[in-house]
Amino acid sequence: MDFHTLKFEDGKLSILDQTLLPGEERYIELDNIQDVYDAIKTLKLRGAPAIGVGAAYGAVIAALNAPKDSKEAFFEYFYNCCDFIASSRPTAVNLFWAIRRMKQKADSMKAMDIEHIIEGLEAEARLIEKEDEEINYKIGENMLGLLKDGDTVLTHCNAGALATSRYGTALSVFYLAKQKGINLKVYADETRPLGQGARLTAWELSRSGIDVTLICDNMAAMVMSQGKINAVIVGCDRIAANGDTANKIGTLGLSVLAKHYGIPLYIAAPTPSIDMECKSGKDIPIEERDALEVRTIKGIQVAPENIKVYNPAFDVTPADNITAIVTEKGIVYPPFEINLKKLS
Ligand code: MRU
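The rules behind each value
Here the residue index of a chain counts from 1 through its sequence in written order. The predicted nature of this model means local features are confined to residues of pLDDT at least 70 and side-chain atom pairs, given and counted, to a pLDDT of 80 or more, with totals for whole chains, interfaces and linings taken over all residues. Think of the side-chain values as coming from all heavy atoms in the structure, minus any hydrogens and water. When a carboxyl oxygen of Asp or Glu lies within 4 Å of a side-chain nitrogen of Lys or Arg, that pair is called a salt bridge. Only DSSP runs of H or I reaching four residues or more are called helices, and only runs of E reaching two or more are called strands; each is numbered from the N terminus. Under the scheme applied here, a residue whose accessible area is under 20% of the maximum for its type counts as buried, over 50% as exposed, and between as partly exposed, the area being computed with a 1.4 Å probe on protein chains only. Aromatic rings from Phe, Tyr and Trp, with only the six-membered ring used for Trp, were paired whenever their centres fell within 6.5 Å, and each pair was classed as stacked if the ring planes differed by under 30 degrees, edge-to-face if by over 60, and tilted otherwise. Remark: a charge is flagged as sitting over a ring if the NZ atom of Lys or the CZ atom of Arg is within 6 Å of the ring centre and within 35 degrees of the ring normal. Whether two strands pair comes down to DSSP finding at least two bridges between them. As a rule, the C-alpha atoms of each element are fitted with a line to give its axis, helices using only the stretch in contact, and angles between N-to-C directions run from 0 to 180 degrees. When checking whether two residues touch, look at their non-hydrogen atoms; a contact exists if any pair is within 4.5 Å. Under this scheme an angle from 65 to 115 degrees is roughly perpendicular, one under 35 degrees roughly parallel, and one over 145 degrees roughly antiparallel; angles in between are oblique. Left-handed describes a crossing in which the near helix is turned anticlockwise from the far one by less than a right angle; the clockwise case is right-handed. Side-chain classes are defined by residue name, with Ala, Val, Leu, Ile, Met, Phe, Trp, Tyr, Cys and Pro counting as nonpolar, Asp, Glu, Lys and Arg as charged, and the others, Gly among them, as polar.

With that out of the way, let us pick up the pattern of salt bridges. This structure, assessed with the given rule, holds 15 salt bridges. The shortest N-O distance in the salt bridge between Glu122 and Arg126 comes to 2.9 Å. In this pair, Glu122 and Arg126 are both assigned in helix 5 (residues 114-144), four residues apart and thus about one turn of the helix distant. The partly exposed category is assigned to Arg126, whose relative accessible area is 35%. One connected set of salt bridges, linked through shared partners, spans Arg89, Glu287, Arg289 and Glu293.

Quick look at the packing of aromatic side chains now. Applying the stated rule across the entire model yields eight aromatic pairs. Centre to centre, the rings of Phe74 and Phe75 are 5.3 Å apart; their planes meet at 90°, and the pair counts as edge-to-face. Looking at Phe74, the relative accessible area reads 0%, which means it is buried. Judged by relative accessible area, Phe75 falls into the buried class, the value being 6%. Ring centres of Phe75 and Tyr79 lie 5.7 Å apart, and the angle between their planes is 25°; this geometry places the pair in the stacked category. Taken as a pair, Phe75 and Tyr79 lie in helix 3 (residues 71-86) at a separation of four residues, close to a single helical turn. Judged by relative accessible area, which is 18%, Tyr79 ranks as buried. The ring centre of Phe75 lies 5.1 Å from the NZ or CZ of Lys110, which sits over that ring. One cation-aromatic arrangement involves Lys248 over Phe314; the distance from NZ or CZ to the ring centre is 4.4 Å.

If you trace the three strands from one edge of the open sheet to the other, you get 1-2-3, paired in antiparallel fashion. Each edge of the open sheet is held by one strand with a lone partner, namely strand 1 (6-9) and strand 3 (27-30). Geometrically, the sheet is characterised by an average inter-axis angle of 25° between neighbouring strands, direction not taken into account. The pairing of strand 1 with strand 2 (residues 12-16) spans four bridges and is antiparallel. When the bridges of strand 2 are listed, Phe8 appears paired with Leu13. The strands that helix 2 (residues 48-65) touches are strand 1, strand 2 and strand 3; relative to strand 1, the one it contacts most, it runs at about 20°.

Inspection of the secondary structure assignment puts Lys44 in the loop between helix 1 (33-41) and helix 2. With relative accessibility at 25%, the residue Lys44 sits in the partly exposed group. Linking Lys44 and Asp69, residues 25 residues apart in sequence, is a C-alpha distance of 34 Å. Not counting chain neighbours up to four residues away, the residues in contact with Lys44 comprise Ile15, Leu16, Asp17, Gln18, Thr19, Ile28 and Ala39.

Between helix 2 and helix 3, whose axes approach to 9 Å, the crossing angle comes to 150°. In this view, helix 2 runs roughly antiparallel relative to helix 3, as classed from their interaxial angle. Between helix 2 and helix 3 the crossing geometry is right-handed. Of the residues in helix 3, those touching helix 2 at Ala55, Gly58, Ala59, Ala62, Ala63 and Asn65 are Phe74, Tyr77, Phe78, Cys81, Cys82 and Ile85. For the contact of helix 2 with helix 3, the residue count by class is ten nonpolar, two polar and no charged.

Printed below as a string of structure tokens:
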């Protein structure tokens, strides 16, 4: 891949600003907590695993910027910054998972001097990034076993390299198939309101020479009814203990269609995205975003200026509509409330 989603160097987090893609490839450097928070909130850095890795590096930046005159002041600043980063977006559990892991790492080093605590935190964030890359590769391998040469897959939003440290979750299988000379085709949903499918999935797959066709969200039923789709593969922001899965708004509709047309729906799921503390989808907080995202496209007004808008960023696909949850540890089939427990 000739781009990086995020890279930590010399105390700064370099990210590809995803709000500018596909028109402009601009990397920005984050070296303070407000900028890390804003980057996640405004979707410059987005996708559940990438948010988690970015938050972990955000915790390192917090430690670097913390007062060093006393350990008490250092830890107070560090924990406050961690909580601030965690308040940037509510749905992807990877954010809270990564922040909790960084806090636990800090707790375990309380007896050390500050310099070594910072080193330990950076090592932990790098480990989280490396683990994410390995997880995604394994998800791709496991997913490949569910497909056959020549298959066409529909995906939604962007669960690709741009949403992770590398490879992606839902898109990892396409990179792997290409490496192995297996022919897979992709239909990418546009994914209104913010167009992650059109702007990001179409960008990264076509750039890697993967056969991708873009459709508007309302064309999914048509391509399924025409027998063009062999499987639907999407990522996830949070999976509840019973298998209910929060992912980008529109996934629920796709799941209903897939069930209707007898097409398997696979969730590409790193285990850090599974939240066993949420019993069902009802417990997953769903982010609502600004009305402007619906009333405008790239700043151009496409609806009356003050029209009422409802803009949930995610929906919950009921476990019943999911064929399998594909993790790095293996493929989980229903009944999910029993089989997800066996993963940990
Ligand atoms: O609002 P976004 O762009 O962060 O939403 C992203 C998604 O819904 C992805 O499908 C999900 O985070 C999985 S990314 C591997």
